[in-house]
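Given next are the chains, with one letter for each unit.
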Amino acid sequence: MNQDYRNDGPRKVGQVKEVTSLANPIIKDIKALTSKKSREETGAFLAEGLKLVIDALELGWTIRTLVYAKAAKGKPLVEQVAAKTVAAGGLVLEVSEKVIASITRRDNPQMVVGIFDQRWRPLRDVRPKAGETWVALDRVRDPGNLGTIIRTADAAGASGVILVGETTDPFSLETVRATMGSVFAVPVVKATLEEFLAWKKTAGVSVVATHLAGAVDYRTIDYKKKPVVLLMGNEQSGLPDALAKEADALARIPQAGRADSLNLAVATAVMLFEARRHLLTLSETR
């Protein structure tokens, strides 16, 4: 891994490095972050767009590298983000549009890309309080679904998302895009099935799982008595029996019409807003 990229060497304050070549080793390292293996090895990930980078910095995330296209040079917000990156010890790269298109794999790329440290919340530190709602996802496979669920959890005021078993990567480019920046606001936890079941025994939560068998109308469940964990099954196979039997309530969303199921992200949204209905009000100031 290139020394500049890893941030482990001294660097002049205020340095902006100009890069026009796709063969530049720093650019190769950044492009490698589109692979899960590289993200796991480096603990870093890509976020596209000035708004996402600003959101991340405001929420205290650690930026390693800021990349911006020449066309964005001199714009006040870009200059501010560049100054913050340098102040945090990060590297700032000014690149050609060809280079930024190559990084994002888009023909019409965003003008700004940030490389950030991943952030995971340990399951043992999750102790839900009254009024909190968490989403637990069993083996979620689709990056778009996961990103949309993280965004929806943010919108509904949920406290975080727990990934159970082998799931898609919340820090993949596709997932981060789908979160629209909410990946920086919503804590993400990963756990094995066994870890999740052991945690549930001592966490003082009510686990409400969506399931076809033995389920009741999701609107009849009491979501007020304890902190709630909404447990949602895999896109193809639903919840395994080992998880379903440990739930405190099994819920089902009534349906009419020819469609026999809902998309996972849509079903999670329906459940989330019902579970938090007693806590959500329309604010006049928003």
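Above this note sits the structure.
Residues numbered from 1 in each chain as written. Predicted model: local features only at pLDDT ≥ 70, side-chain atom pairs only at ≥ 80, totals over all residues. Heavy atoms only, no water.

Asks: Tell me about the layout of surface pockets, residues and numbers included.
Replies: Looking at the largest pocket, its volume works out to about 640 Å³. As for the largest pocket, its lining consists of 23 residues, and the residues nearest its centre are Thr210, Leu212, Gln255, Ser261 and Leu262. Listed by contribution, the elements that provide at least two residues to the lining of the largest pocket are strand S12 (249-252) and helix H11 (264-275). Each pocket or cavity is described by its volume, and for the second largest pocket that value is around 300 Å³. In terms of lining residues, the second largest pocket is bounded by 15 residues, among which Lys36, Glu40, Trp120, Thr167 and Lys190 are the most central. Looking at the lining of the second largest pocket, the elements with two or more residues in it are helix H3 (36-42) and strand S8 (188-191). No other element matches the 3 residues that H3 contributes to the lining of the second largest pocket. Classifying every residue of the lining of the second largest pocket gives 4 nonpolar, 5 polar and 6 charged. (1 Å grid on protein atoms, 1.4 Å probe; cavity = no way out; pocket = protein on both sides within 12 Å on 5 of 7 lines; lining within 4 Å. Points joined across faces, edges and corners; volume = space filled by probe spheres on them. Helix = DSSP H or I, 4+ residues; strand = E, 2+ residues; numbered from the N terminus. Nonpolar A, V, L, I, M, F, W, Y, C, P; charged D, E, K, R; others polar.)

Asks: Tell me about the sheet that holds strand S3 (residues 63-69), and name the residues and values.
Replies: Spatial strand order, S1-S4-S3-S5-S2: 5 strands in an open sheet with mixed pairing. The open sheet terminates on both sides in strands that have one partner only, identified here as strand S1 (16-19) and strand S2 (44-48). With strand direction ignored, the average angle separating the axes of adjacent strands in the sheet is 20 degrees. By the bridge criterion, 5 bridges tie S3 to strand S4 (residues 91-95) in an arrangement that is parallel. What sits directly across from Ala69, in S4, is Val95. The strands touched by helix H5 (residues 76-87) within the sheet are S3, S4 and strand S5 (112-117), with S3 carrying the most contacts at an inclination of about 150 degrees. (Pairing = 2+ DSSP bridges. Axes fitted to C-alpha atoms, helices over the stretch in contact; angles between N-to-C directions. Contact = heavy atoms within 4.5 Å.)

Asks: Can you tell me about the packing of aromatic side chains, naming the residues and giving the values?
Replies: In this structure the tally under the stated criterion is 9 aromatic pairs. Ring geometry for Trp61 and Phe184: centres 5.0 Å apart, planes at 85 degrees, overall edge-to-face. With a gap of 123 residues between them, Trp61 in the loop between helix H4 (50-58) and S3 and Phe184 in the loop between helix H8 (173-179) and S8 connect regions that are remote in the sequence. Overall, Trp61 belongs to the buried group, its relative accessible area being 7%. A connected cluster of aromatic rings, assembled from ring pairs, spans Phe45, Trp61, Phe116, Trp120, Phe171 and Phe184. (Phe/Tyr/Trp six-rings, centres within 6.5 Å; stacked < 30°, edge-to-face > 60°. Buried < 20%, exposed > 50% of the residue type's maximum accessible area, 1.4 Å probe, protein only.)

Asks: I'd love a proper account of the pairing of strand S9 (residues 206-210), names of residues and values included.
Replies: Within S9, 5 of the 5 residues are buried, leaving the element largely enclosed by the surrounding structure. Burial along S9 is two-sided: Ser206, Val208 and Thr210 facing one way and Val207 and Ala209 facing the other are all buried. When S9 meets S12, the two strands line up parallel, connected through 3 bridges. Along S12, the bridge assignment pairs Val208 with Ala249.

Asks: Could you give me a rundown of helix H9 (residues 193-202), with the residues and numbers involved?
Replies: Note on helix geometry: an α-helix contains 3.6 residues per turn, so any two residues three or four positions apart are oriented the same way. Within H9, the full set of buried residues consists of Phe196, Leu197, Trp199 and Lys200. Along the long axis of H9, the arc covered by the buried residues comes to 160 degrees, so they all point the same way. Among the exposed residues of H9, those pointing more than 90 degrees away from its buried face are Glu194, Lys201 and Thr202. Its buried side turned inward, H9 meets strand S6 (133-138), strand S7 (160-164), S8, S9, strand S11 (228-232) and helix H10 (241-244). (Arc of directions from axis to C-beta.)

Asks: Provide a residue-level description of the pattern of salt bridges, including the pertinent values.
Replies: Applying the stated rule across the entire model yields 12 salt bridges. Glu18 is the partner of Lys70 in a salt bridge, and the nearest nitrogen-oxygen pair spans 2.6 Å. Taken as a pair, Lys70 in the loop between S3 and H5 and Glu18 in strand S1 lie far apart in primary sequence, 52 residues in all. Using a relative accessible area of 53% as the deciding quantity, one classes Glu18 as exposed. The partner of Lys37 in a salt bridge is Glu41, and the shortest N-O contact between them spans 2.9 Å. In this pair, Lys37 and Glu41 are both assigned in helix H3, 4 residues apart and thus about one turn of the helix distant. (Salt bridge = Lys/Arg side-chain N within 4 Å of Asp/Glu carboxyl O.)

Asks: Provide a residue-level description of the side chain of Glu48, including the pertinent values.
Replies: Position of Glu48 among the secondary structure elements: in strand S2. Judged by its relative accessible area of 7%, Glu48 falls in the buried class. One polar contact links Glu48 to Arg177, side chain to side chain, over a distance of 2.4 Å. Those residues within four positions of Glu48 in sequence are excluded, and the remaining contacts are Thr104, Arg106, Gln110, Val112, Val113, Leu173 and Arg177. (Polar contact = N/O pair within 3.5 Å; in protein donor to acceptor, adjacent residues only side chain to side chain.)

Asks: Summarise the nonpolar core; cite the residues concerned and give the values.
Replies: Generally speaking, soluble globular proteins have nonpolar side chains that are buried together. Counting 29 residues, the largest nonpolar core has Leu137, Val161, Val208, Tyr223, Leu230 and Met271 as its most contacted members. Listing elements by their share of this core, those giving two or more residues are S6, helix H7 (143-156), S7, S11, S12 and H11. When residues no more than four places from it in sequence are discounted, the contact partners of Val161 are Trp134, Val135, Leu137, Ile150, Ala153, Val186, Pro187, Val188 and Val189. Counting 23 residues, the second-largest nonpolar core is a separate cluster that includes Ile54, Ala72, Val86 and Val112. (Core = buried A, V, L, I, M, F, W, Y, C linked by side-chain atoms within 4.5 Å.)

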